[in-house]
Amino acid sequence: MLKHKRALSGALTLAVAIGVVGGVLPATATAATAAESAVGKSARHADDARLRALLHRLTTVDGAPGALAEVRDRHRSTVLTSGVADIESRAPVPCGSRFRIGSMTKMFTATMMLQLVGERHVDLDAPVERYLPGVVHGHGNDGRKITVRQILQHTSGLPDFLSYLKPQDVVQDPMAHHDPRDLVELALAHPPTFKPGTDWKYSNTGYILAGMIIEKVTGRSYGQELQRRIVKPLHLRGTSFPGDGPAIPGPHARGYVRPGPDAPLLDITAINPTVGGTAGGIISSGADVNRFLGALLGGKLLPPAQLKEMMTTRPTGSSDGRAYGLGLESMPLPGGGLYW
């Protein structure tokens, strides 16, 4: 989404090397003159050609089996694919593919938390201890000194559980169940990376805690709240939080991992998503993620005060100018403005 509703070329969801640009998309497109229409079509064709080249690079030089991009602008939605969905059958990537969206799950988690803030069920600047008494403690980690805002913005200093969960272990036992409390305790067996609020470092642990807070405050499961607060209102047909379910429902490409530099690709499509949980366990589609981002940044999911909190960022220390809000990351565009 271009900040302050700058002119935009479109919204993009890219599966494989997953990146997202969400847009403020009006319900109806304004009428354009023939000249404007011709210019727009020419620009869109040029954009499509550049995206096709990028997708081709992903599935050749970069070695990904398949890739998909869904572009949505004021006039149309276009799906571009490259490569194959299955390295054995060589089937093409389905245009309506669903996929594990990984850390884009955090946008959904943060949105639900900020809805609870708007409903006055959660205070952003309250300590985590208020909602999860006794959960965050040990080795210098203290839930009394870490706020809800800090776990959403990665300024809590909490260790990241994925730093201590070996990828090889996940690959060797992909169906293993990972309880949220166990993931948190895995992280809390180590000292904090910095004093809360003094620095920025990405930590999946904070978003596991955020999911636990959502469940504690609402008395319902994260999956139920996702359906009630986001999926049903936006009519997201391909979005789900599968819990322990290893399958991806609906059309999808196979998922692969390369266990070592010279190892063959290993099919890991079926995996227990509790390893990502409320930090990375959602399944969605290009169409759904674009619809979600358009609704979120267009003010349809959060009151203005909470959307402003979400989009109030701090630098991540990246040389490209990235900054992190609450579940959303911004990056400067070459021509000015930001994408989210």
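Further up the page is the structure itself.
The notes below deal with the structure included here.

This next bit is on the overall build of the protein chain. Scanning the protein chain for helices and strands turns up 11 helices and 14 strands. Looking at the 340 residues of the protein chain, the share that counts as buried comes to 46%. Pairs at least 24 apart in sequence give 68% of the contacts found in the protein chain among residues at least 6 apart. Just so you have it, the protein chain exposes about 16200 Å², and 55% of that area is on carbon and sulfur atoms.

Now for the packing of helix 2 (residues 105–118) against helix 10 (residues 286–297). Running from N to C, helix 2 and helix 10 cross one another at 35°; their axes reach a closest spacing of 12 Å. Every pair of crossing elements has a handedness; the one defined by helix 2 and helix 10 is left-handed. When helix 2 is examined against helix 10, the residues Met107, Phe108 and Thr111 are found in contact with a partner set consisting of Phe292, Leu293 and Leu296. Considering only residue class, the contact of helix 2 with helix 10 consists of five nonpolar, one polar and no charged.

To continue, consider the pattern of salt bridges. Following the criterion strictly, the structure yields 14 salt bridges and no others. Of the charged contacts, one joins aspartate 62 and arginine 57 as a salt bridge, the two residues approaching to 3.7 Å between their closest N and O atoms. Residue classification places aspartate 62 among the partly exposed residues on the basis of a relative accessible area of 45%. With a shortest N-O distance of 3.1 Å, glutamate 225 and arginine 228 are connected by a salt bridge. Of this pair, glutamate 225 and arginine 228 are both found in helix 8 (residues 222–234), three residues apart, which corresponds to roughly one turn of the helix.

Turning our eyes to something else, we now look at unusual backbone geometry. One non-glycine residue with positive phi stands out, namely arginine 90, at about 65°. Considering the arrangement of structural elements, one finds arginine 90 in the loop between strand 4 (77–83) and strand 5 (98–100). With a relative accessible area of 53%, arginine 90 lands in the exposed category.

Reading the values: rules and limits
- Residues numbered from 1 in each chain as written.
- Predicted model: local features only at pLDDT ≥ 70, side-chain atom pairs only at ≥ 80, totals over all residues.
- Heavy atoms only, no water.
- Helix = DSSP H or I, 4+ residues; strand = E, 2+ residues; numbered from the N terminus.
- Buried < 20%, exposed > 50% of the residue type's maximum accessible area, 1.4 Å probe, protein only.
- Contact = heavy atoms within 4.5 Å.
- Areas by Shrake-Rupley, 256 points an atom, 1.4 Å probe, with all protein chains shown as cover.
- Axes fitted to C-alpha atoms, helices over the stretch in contact; angles between N-to-C directions.
- Left-handed = near helix turned anticlockwise from the far one by under 90°.
- Nonpolar A, V, L, I, M, F, W, Y, C, P; charged D, E, K, R; others polar.
- Salt bridge = Lys/Arg side-chain N within 4 Å of Asp/Glu carboxyl O.

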